[in-house]
Amino acid sequence: MTEDLYYIWLSLACGAGSPIPQKLLMSFDNAEKIYEADEDELKNKCNFETDEHILSRLADKNTDECEKILEFCSRNNVSVLNCDNKLYPKRLRSIRAFPVVLYYRGKLPDIDDNLCVAMVGTRKMTDYGKYAAYEIAKELASCGAVIVSGMANGIDSASHKGCLIAGGFTIAVFGCGIDRAYPPENKALMDRIIERGLIVTEYVPGTEPKGAHFPVRNRIISGLCQAVLVVEADNRSGALITAKTALFQGRELYAVPGNINSPNSWGTNGLLKNQAGIVTDAYDILSEYEHLYSHRINIEKSRYYNNKVNYYKNKEYKENNKENKSVINKMANKIKESAAVVNTANTVSAEMVNAVKTEFTLSEKLSALKIILNETELRVFEIFYARKKEKLHPDDISGENMSISDVINTLTFLEIYGIITSLPGDYYKISESFMNL
């Protein structure tokens, strides 16, 4: 039998999230020796009280189910990583009740050699939360950090997408089997993460998602990381479970401040009042870990560094271009303000629409957008601007040097900024709020 089979047997006998395997491995060194021990030896050698049902399962040496699991993994390109494998993250091995076995698809990086940041929050996010999660994840990833989350709707998905569009590496930790996409509507996102990152779970293939699984799963999300960032959460959000777990594991806890009148921010603002560090951009986290991971992260790519640290270096240049920059920055700031407030023109206040009366030419708008958009995003914007009276499908935009996956990622980003708006049937058009800036 392979080494992995014994660890799968141990994980099945004890169940996900159990601290018993950790105690057993301290006494028996490895899972094979635990398998070979009888019930009396387990009782005599381990000075802890064990559930009788678990003891009876440990006494059962039938491995048929374990062999079927290994066969499934072999057929379906699923890798198995046991807790004594040299590739298993030491960071995760150090937590209480570490997972005995991990099932994964995608690329397994050297997690201990990377700055990993968990980003979590509510499933029912506001536009503000969506914008914050997407932008901070995008900036962290562009500077070299790994983003870890749970692929749930809301803040999790926005964080994964922000990381992917920056070309970064993201890890999704499941509360179900590796062969289940949960929620089902995130199947396309799961496929993109497998292609460019990692999906991982301690639950055996075929395990359905259940509510009780996700709090257990959360200890892995925080355990893989040095820092946990709660982006947006109310007082009863499951993200607060991850926050508490992070503190128990000795991880650094951060939160994004929110509107004091918004219930969606009461959880995060409560964390800030007690023990969390405040985060308004990626630099707030990157600056804490630059000295430890200077070979992995490039803090000079962060927006704060370029906008603040280099301000005086560029002062003369800015003075020479003051008039042009005034128009460009006003336009860029207006785009960002609208992204935090609206998705459609229907929610724009009269004050917002009339705040800037200046008429901008296409050239000026493109110059402004260069502050916040990359080359692909600018190309897609130009297509929408040129066809501003039409509604466009992603298939209408994809073509040479621009895959459908790149287009979909870009459309998500442009919608967050309020530049385009989504329509039924997966169509998009340039938003009236943007045109009225």
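In short, a report on the structure. Because the structure is a prediction, the values reported are computed rather than measured. (Residues numbered from 1 in each chain as written. Predicted model: local features only at pLDDT ≥ 70, side-chain atom pairs only at ≥ 80, totals over all residues. Heavy atoms only, no water.)

## Quick look at helix α6 (residues 64-75)
Test applied: The numbering of helices and of strands both runs from the N terminus, where a helix is a DSSP run of H or I of at least 4 residues and a strand a run of E of at least 2. Expected helix span is taken as 1.5 Å per residue step, with the number of steps being one fewer than the number of residues. Accessibility here uses a 1.4 Å probe with only protein chains present; expressed as a share of the type maximum, an area under 20% marks a residue as buried, one over 50% as exposed, and anything in between as partly exposed. This arc is taken over the directions from the axis of the helix to the C-beta atoms.
Compared with the 16 Å implied by 1.5 Å per residue over 12 residues, the 17 Å span of α6 between its first and last C-alpha is a close match. C66, I69, L70, F72 and C73 are the residues of α6 that are buried. Buried residues in α6, looked at end-on, bunch into an arc of 160°, giving them a common side. Along α6, the residues that are exposed and aim more than 90 degrees away from the buried face are K68, S74 and R75.

## Looking at the nonpolar core
Note the cut-off: To define a nonpolar core, start from buried Ala, Val, Leu, Ile, Met, Phe, Trp, Tyr and Cys residues and group those joined through side-chain atoms within 4.5 Å. It only takes one pair of heavy atoms within 4.5 Å for two residues to be counted as in contact.
If you look at the biggest cluster of nonpolar residues, it comprises 75 residues, and the most contacted ones within it are L10, L58, Y103, V148, I171 and L224. Here the element with the most residues in this core is helix α1 (residues 3-14); it accounts for eight residues. Dropping the residues within four chain positions of it, I171 is found in contact with I111, V146, I147, V148, S149, H160, L198, V200 and L224. Core analysis: the second largest hydrophobic core is formed by 29 residues, A132, A145, C163 and V231 among them.

## Quick notes on the packing of aromatic side chains
Going by this rule: Pairing of aromatic side chains requires ring centres within 6.5 Å, counting the rings of Phe and Tyr and the six-membered ring of Trp. Pairs whose planes differ by under 30 degrees are stacked, by over 60 edge-to-face, and all others tilted. To sit over a ring, a charge needs its Lys NZ or Arg CZ within 6 Å of the ring centre and within 35 degrees of the ring normal.
Taken as a whole, this structure holds four aromatic pairs when the rule is applied. The ring of Y35 is capped by K61, whose NZ or CZ atom sits 5.4 Å from the centre of that ring. Here the guanidinium or amino end of K391 rests over the ring plane of Y427, the centre of that ring lying 5.2 Å away.

## Focus: unusual backbone geometry
Excluding glycine, residues mostly carry a negative phi; peptide bonds, for their part, are mostly trans. Of note, the amide linkage connecting Y182 to P183 takes the cis form, showing an omega dihedral of -5°. Here P183 lies in the loop between β5 (170-173) and α10 (187-196). Of note, the phi angle at A97 is positive, near 55°, even though the residue is not glycine. Mapped onto the secondary structure, A97 falls in the loop between α7 (90-93) and β2 (101-106). Accessibility expressed as a relative area gives 2% for A97, which makes it buried.

## Quick look at the sheet that holds strand β6 (residues 198-201)
Paired through their backbone hydrogen bonds, the strands of a sheet run either parallel or antiparallel. Definition in use: By the convention used here, strands pair only if DSSP detects at least 2 bridges between them.
Spatial ordering of the open sheet is given by β1-β2-β6-β5-β4-β3-β7-β8-β9, a layout of nine strands whose pairing is mixed. Because the sheet does not close on itself, it has two edges, and the strands there are β1 (79-82) and β9 (277-278). Both β2 and β6 contribute to a ladder of four bridges, which runs antiparallel. Its bridge partner lying in β6, Y103 is registered against T201.

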